[in-house]
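Structure assessment
For reference, the chains in residue letters:
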Amino acid sequence: MNRKKAKKWKKAKKTGIAIGAFFSLLLVSYVGLSEYYKNGFCYGTWINHVYCTGKTIEEVNDELLKSCSYEGLTIYDDKGNPYRIEAEEIDFMFDFKEALKDYFVGQNPYHWINNLLQAKEKMLEPVISYDEERLWEILESVPAFMGKKAEERQVFIKKNDGGYLLIDERTGVLNEEKAKDAVRQKLLSLETELDLGESGCYEDLPYTAAMKAELDKWEKIKEFQDCRIVYAFGEEQVPIDASIACNFIAMDENGDFLYDDNGRLLQDNEKIEEFVDFLADEYDTVGKIRQFETTKGDVVPIEGGIYGNRIDRKAEKEYLIQAFSAQAAEIHIPQYLQEGWAYGKNDIGDTYIEVDMTEQMMYYYLDGRLRLETPVVTGNTGRRWGTPEGVNFVYGKAVNRILSGPGYESHVNFWMPVKGNIGIHDAPWRNEFGGDIYETAGSHGCINTPYDAMKELYGMVQTGTPVVMFYRGS
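The following paragraphs examine the structure supplied in this document. Residue numbers here run from 1 along each chain, matching the order of that chain's written sequence. Residue-level local features of this predicted model are given only where pLDDT is at least 70; pairs of side-chain atoms are given and counted only at 80 or more, and the full residue set underlies all totals for whole chains, interfaces and linings. The side-chain quantities take in all heavy atoms of the structure and omit both hydrogens and water.

The subject of this paragraph is the packing of helix α8 (residues 269-283) against helix α9 (residues 313-325). Interaxial angles span 0 to 180 degrees and are taken between N-to-C directions of axes, which are lines fitted to C-alpha atoms, for helices over the stretch in contact. Strands are runs of DSSP state E lasting at least two residues, helices are runs of H or I lasting at least four, and both sets are numbered from the N terminus onward. At a minimum axis separation of 9 Å, α8 and α9 run at an interaxial angle of 130 degrees. In terms of orientation, α8 lies oblique with respect to α9. The handedness of the crossing between α8 and α9 is right-handed. Mapping the contact onto sequence places Asn-269, Ile-272, Glu-273, Phe-275, Val-276, Asp-277, Ala-280 and Asp-281 in α8 and Arg-313, Glu-316, Lys-317, Leu-320, Ile-321 and Phe-324 in α9. Gly is put with the polar residues, along with every residue not named as nonpolar or charged; the nonpolar set is Ala, Val, Leu, Ile, Met, Phe, Trp, Tyr, Cys and Pro, and the charged set is Asp, Glu, Lys and Arg. Residue composition of the contact of α8 with α9, by class: seven nonpolar, one polar and six charged. Roughly parallel means an angle under 35 degrees; roughly antiparallel, over 145; roughly perpendicular, 65 to 115; everything else is oblique. Helix crossings are classified by the rotation of the near helix relative to the far one: an anticlockwise turn of less than a right angle makes the crossing left-handed, while a clockwise turn makes it right-handed. Contacts: residue pairs with any heavy atoms within 4.5 Å of one another.

Next up, the structure:
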C-alpha cells in the first residue's frame, strides 16, 4: 500500500469513528430523554394551553387548577325568588389527576421525537366533586323544597277580605327528584343559574273525585262574585267586586250555599239591601260632620246644616237587586233624594261661601279662587240668637224684600236664604261690620253684609251654592 492510499484509509477511518461517535451520542441522548420522559410528560406536550414537558402529573394538576374557578349556583323558584348555594358550602372541588394519569399512561416515551416536528395539544376535563349529602341538606332548607308532600296537598275554597278564593295545592308542585337532578347537572356543567320553572321541575298532580267537586263549586262561586257594577260618587268610585259580592250569596241556617233549580247560586236580596244602606250611610252627607279647611288655614269640624247629598235608598235597592241578577257591567250613578253641587264625601267642592262667625268674616270662592271677602255681623249671641253653624246652601235669591219677625220689619235690597228664615242680606241700618258687634248687637240670626259687598256677591252667586257657617272652638 502506497503512502497515498494509506493516508486516505486513515482519513476514512477517522471519519467513520466520528460518525459512529455522533450516532452513538444521539442514541444515548435519545434513550436518556426517553427514560427522562418516563417520569414526566413528553417533549412538546400542551394540556389545556399549559406547557407540560417534563412535568409530573401532580405538577400539571396544580397548574391546571389555577385556571379553574366556580363560585356557586343560584336557584330560582317559579316565583322568581333566588336561593344561593356557595361552592365552598358543599366542598366543591376540581381535580385533573385521573384524566392526566390516563393521558400519561397512554403516551410512549420513546416516541417523544415525533413532537419535534409537531407539538401535541390535549384538552382535558376535570373531575368535579362535592359533598352531595351537604348539598341535599342545604336544599331541604330552601323554601321551594319545603312544600307539602303530594299526599298532603288539597283543593279547598276559603273566604278572606277579598272574597272567596280557590286554594289549589295540586298545581305547580315541585318535583323534588327532577329538581335535584337539575341541580346536579348544573353543578357538573359549571353553570351558575338554574330556573326550576324553565327546567320543567314543576308539575300538576291528579285530582280526586272530591277535589273535582270542589273545583265545580268554585266555578259557580267565581261566576257569582265576578260583579262589574261600579258605583260612582263624583271622583270617588266603589266597585262591587268579589270582596262585596261574596256576601250576596244566599245561605241556609247551617251556612251552606243555596242553589236554584239550575244549580246556580242564589242571591240574598236582604244582603244586597243592607249593602245599599251601607253605601248611603257612607255617602249621604246632609248634616254630617265635615272637616273644613278655612281661609285662615286651620281645619274646623262642622256639623249640621241642610246642604248635601241623600241617596234614594228604595230606588237603589231595586236597581242593585235587578242589576246584580242580570250580571250588569256598568258605572252607575245612584239616584238621589237630594243633591249637592258635588258628589262624594267631599261634596262642598271649590265654589262656596264661607262664613267665619268667630272672626265675623265672609268669603266667596269661585272655582277655588277667592273672589270676595267682607266683614259681616251675624246673630246676637248675647240674646241667644246666634247664627247656627252648619253647611247650608243658597236656596233662593230675591231683591227688595221685607224681612219681618216679632217686633221688627226691615227692608233689604238683596236677599239669599240659606236655612229656613236665615239668610245673607245687606243691612242699610248698620254703619259698622265685623269685630264683636254680634255679641251684643247682632242680628236675629241672619248674616248682615255691607251693601256694596252684598250687591257684588248677589251678582256672582248661583242658587245651590254651599254656605259653610262655623264658630271656632264651639
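This brings us to the sheet that holds strand β25 (residues 408-419). What holds strands together in a sheet is hydrogen bonding between their backbones, with the strands either parallel or antiparallel. Paired strands are those between which DSSP finds at least two bridges. With mixed pairing, the four strands of this open sheet are ordered in space as β24-β25-β26-β27. Sheet topology places β24 (398-405) and β27 (447-449) at the edges, where each strand pairs with a single neighbour. Neighbouring strand axes in the sheet, compared pairwise and without regard to direction, differ in orientation by 45 degrees on average. Strand direction decides the pairing type here: β25 and strand β26 (residues 422-426), joined by four bridges, are antiparallel. The residue bridging Lys-419 from the neighbouring strand is Ile-422, located in β26.

Two aromatic rings, drawn from Phe, Tyr or Trp (for Trp, its six-membered ring), form a pair once their centres lie within 6.5 Å of each other, and the interplanar angle then sorts them: stacked below 30 degrees, edge-to-face above 60, tilted otherwise. All told, the structure shown has 20 aromatic pairs when counted by the stated rule. The interplanar angle of 85 degrees and the centroid separation of 6.3 Å between the aromatic rings of Tyr-231 and Tyr-319 together place this pair among those described as edge-to-face. With Tyr-231 in strand β13 (residues 228-233) and Tyr-319 in helix α9, this pair connects stretches of sequence that are 88 residues apart. Residue Tyr-231 shares its accessibility class with Tyr-319, and that shared class is buried. For the pair Phe-393 and Tyr-395, a centre-to-centre distance of 6.1 Å together with 70 degrees between the ring planes defines the contact as edge-to-face. Burial status follows relative accessibility: with a 1.4 Å probe on protein chains alone, a residue under 20% of its type maximum counts as buried, one over 50% as exposed, and anything between as partly exposed. Judged by relative accessible area, Tyr-395 falls into the partly exposed class, the value being 34%. Members of the aromatic cluster, connected to one another through ring pairs, are Phe-224, Phe-248, Phe-275, Phe-278 and Phe-324. In this scheme, Lys NZ or Arg CZ marks a charge over a ring once it lies within 6 Å of the ring centre and within 35 degrees of the ring normal. Directly above the aromatic system of Trp-136 lies the positively charged group of Lys-180, at a separation of 5.3 Å from the ring centroid. Just above the ring of Tyr-458 sits the side chain of Lys-397; from NZ or CZ to the centre is 4.5 Å.

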